Amino acid sequence: MLDGSSLVATVPATIAAQIRETRRHLATRPLPFVIKGVPTELLWPSSTDDDDACRFLHGKIVELARSSSPKPKRA
């Protein structure tokens, strides 16, 4: 969604690497600060809930985020 825009995204390195496999023209840079365990949110307009393409994209984003996030450690 950033491709072709002037937007910036902060994503885990594993996700950035996957994106760069097909979008080699996008650049990655390390953050100039440390982020420790920040919560992740996906904001989605409810007006797109009935759109098959949007539901597909939403599902893929959630799937990718779940597969790349570290599993919580149990005590």
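On a predicted model such as this, the values are computed, not experimentally measured, just so you know.

A.B. asks: So what exactly am I meant to see when it comes to the overall build of the protein here?
C.D. replies: Within the protein, the regular secondary structure consists of two helices and zero strands. Carbon and sulfur atoms provide 58% of the accessible area of the protein, an area that totals close to 7200 Å².

A.B. asks: Mind showing me how you'd approach the pattern of salt bridges here?
C.D. replies: Where charged atoms from two side chains of opposite charge approach closely, those side chains can pair. Scanning the model with the defined rule gives two salt bridges in all. The salt bridge partner of Asp52 is Arg55, with a shortest N-O separation of 2.6 Å. Of the two residues, Asp52 and Arg55 are both situated in helix H2 (residues 52-68); the distance of three residues between them amounts to about one turn of the helix. The exposure class of Asp52 is exposed, given its relative accessible area of 55%. Put simply, Lys60 and Glu63 hold a salt bridge, and the shortest N to O gap is 3.8 Å.

A.B. asks: Would you mind going over the side chain of Thr48 with me for this structure?
C.D. replies: Of note, Thr48 is situated in the loop between helix H1 (13-22) and H2. At 2.8 Å, the side chain of Thr48 and the backbone oxygen of Pro45 are in polar contact.

A.B. asks: Which parts of the structure should I look at to understand the environment of Trp44?
C.D. replies: Its place among the elements puts Trp44 in the loop between H1 and H2. For Trp44, a relative accessible area of 26% gives the class partly exposed. Considering only alpha carbons, one finds Trp44 and Cys54, 10 residues apart in sequence, at a separation of 9.4 Å. When residues no more than four places from it in sequence are discounted, the contact partners of Trp44 are Asp49, Cys54, Leu57, His58 and Ile61. A polar contact is formed between the side chain of Trp44 and the side chain of Thr48, at a distance of 2.9 Å.

A.B. asks: What exactly am I supposed to notice about a nonpolar patch on the surface here?
C.D. replies: Residues Leu42, Phe56, Leu57 and Ile61 make up a contiguous nonpolar surface patch of roughly 340 Å² in combined accessible area. Considering the arrangement of structural elements, one finds Leu42 in the loop between H1 and H2.

Reading the values: the criteria
- Residues numbered from 1 in each chain as written.
- Predicted model: local features only at pLDDT ≥ 70, side-chain atom pairs only at ≥ 80, totals over all residues.
- Heavy atoms only, no water.
- Helix = DSSP H or I, 4+ residues; strand = E, 2+ residues; numbered from the N terminus.
- Areas by Shrake-Rupley, 256 points an atom, 1.4 Å probe, with all protein chains shown as cover.
- Salt bridge = Lys/Arg side-chain N within 4 Å of Asp/Glu carboxyl O.
- Buried < 20%, exposed > 50% of the residue type's maximum accessible area, 1.4 Å probe, protein only.
- Polar contact = N/O pair within 3.5 Å; in protein donor to acceptor, adjacent residues only side chain to side chain.
- Contact = heavy atoms within 4.5 Å.
- Patch = residues over 30% accessible without salt bridge, like charges linked within 9 Å, V, L, I, M, F, W, Y side chains within 5 Å.

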